[in-house]
Amino acid sequence: MLGCFLPAALLLFLVLSRIPFLTIAGQNNQSSCGGSCALGRYRATTSTTCAACPVGYFQNATNATQCRACLRGRHQEHEGAATCLPCGRGKWQNETGMAMCKGCGINWWSGEEGWARCKSCPKGYSTTGLKMMTWCVPCSKGKFNNEMASACEAGPVGHFQNA
């Protein structure tokens, strides 16, 4: 196997004592010559040791040669993870392999977990000037939001808003 070797003294001991080939336990729940890596870990094809998947990545299988990037709408902020977590409500992530999710901005919302982007509040609704919201609320009578303002505002003189 590529990258698998035994120290000369150990090899000599195994040959002289006629003990069948043994795998020697190494660090991190792995064998030093081809054993499986634990979940959240991988072994590069040129390495004999397992390494933890970096933040933003995961591995949900043993004996992997690389980690997998968290998909859009998901994240992982810890090394050595076996899964990625969905972005929470009011948050989003539009890139792969990310450690954290982003918060929706003012007048943007995400109502469920795992969104890859936030939605803008429709005309007549706002997040009342708050960020990371899970819904938009209707403007009160006499106020409006044209999707550009940070909150509902009083209408211009000479105009009115019914609802």
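Each remark here, short or long, concerns the structure printed above.
Draft legend 1. The arrangement of the overall build of the chain in detail. On a plain count of helices and strands, the chain comes out with 1 helix and 14 strands. When contacts within the chain are restricted to residue pairs at least 6 apart in sequence, those whose partners lie at least 24 apart make up 32%. Accessible surface, the chain as shown: approximately 10300 Å² in total, 58% of it carbon and sulfur.

Draft legend 2. Spatial organisation of the state of the cysteines. Scanning all chains against the criterion turns up 7 disulfides. Two residues, cysteine 53 and cysteine 67, share a disulfide whose sulfurs are 2.0 Å apart. In this structure the cystine formed by cysteine 53 and cysteine 67 twists about its S-S bond by roughly -85 degrees; its chirality is therefore left-handed. With cysteine 53 in the loop between strand S2 (51–52) and strand S3 (57–58) and cysteine 67 in the loop between S3 and strand S4 (68–69), this residue pair connects regions lying 14 residues apart in the sequence. Looking at cysteine 53, the relative accessible area reads 0%, which means it is buried. With relative accessibility at 15%, the residue cysteine 67 sits in the buried group. Between the sulfur of cysteine 139 and that of cysteine 152 lies a disulfide, 2.0 Å long from S to S. Taking the sign of the S-S torsion, about -75 degrees here, the bridge from cysteine 139 to cysteine 152 comes out left-handed.

Draft legend 3. Quick peek at the environment of serine 140. Looking at the secondary structure, you find serine 140 in the loop between strand S12 (137–138) and strand S13 (143–144). For serine 140, a relative accessible area of 43% translates into the label partly exposed. Here the alpha-carbon distance between serine 140 and alanine 154, two residues 14 residues apart in the chain, equals 9.4 Å.

Draft legend 4. Looking closely at the side chain of glutamine 93. By secondary structure assignment, the location of glutamine 93 is in the loop between strand S7 (91–92) and strand S8 (102–103). At 3.1 Å, the side chain of glutamine 93 forms a polar contact with the backbone nitrogen of glutamate 95. A polar contact of 2.7 Å, which involves the side chain of glutamine 93, links it to the backbone oxygen of methionine 100.

Draft legend 5. Structural context of the environment of tryptophan 115. Structurally, the position occupied by tryptophan 115 is in the loop between strand S9 (108–109) and strand S10 (119–120). Spatially, the C-alpha atom of tryptophan 115 lies 7.9 Å from that of arginine 74, the residues being 41 residues apart in sequence. Ignoring sequence-local partners within four residues, the contact set of tryptophan 115 consists of Gly73, Cys87, Lys91, Trp92, Gln93, Trp109 and Ser110.

Draft legend 6. Expanded view of unusual backbone geometry. At asparagine 63, a position not held by glycine, the phi torsion is positive, near 60 degrees. Secondary-structure assignment places asparagine 63 in the loop between S3 and S4. Here methionine 132, not a glycine, exhibits a phi torsion of approximately 55 degrees, which is positive. Turning to its location among the elements, methionine 132 is positioned in the loop between strand S11 (125–126) and S12. Methionine 132 gets classed as partly exposed once you look at its relative accessible area, which sits at 44%.

Criteria and thresholds
Here, residues in each chain are numbered from 1, in the same order as that chain's written sequence. Local features in this predicted model are restricted to residues of pLDDT 70 or higher, and side-chain atom pairs are both shown and tallied only at a pLDDT of 80 or more, whereas totals for entire chains, interfaces and linings draw on every residue. Heavy atoms from the whole structure form the basis of all side-chain values; hydrogens and water molecules are not counted. Only DSSP runs of H or I covering at least 4 residues are called helices, and only runs of E covering at least 2 are called strands; the numbering of each starts at the N terminus. Residue contacts are counted whenever heavy atoms from the two residues lie within 4.5 Å of one another. The method behind every accessible area is Shrake-Rupley, applied with a 1.4 Å probe, and residues are considered shielded solely by the protein chains displayed. Our working definition of a disulfide is a cysteine sulfur pair at a distance within 2.5 Å. Partly exposed describes any residue whose relative accessible area lies between the buried limit of under 20% and the exposed limit of over 50%, with all areas from a 1.4 Å probe on protein chains only and scaled to the type maximum. Within 3.5 Å is the distance limit for a polar contact, defined as a pair of N or O atoms, with the added protein rule that one can donate a hydrogen and the other accept it, and that residues adjacent in sequence qualify only through two side-chain atoms.

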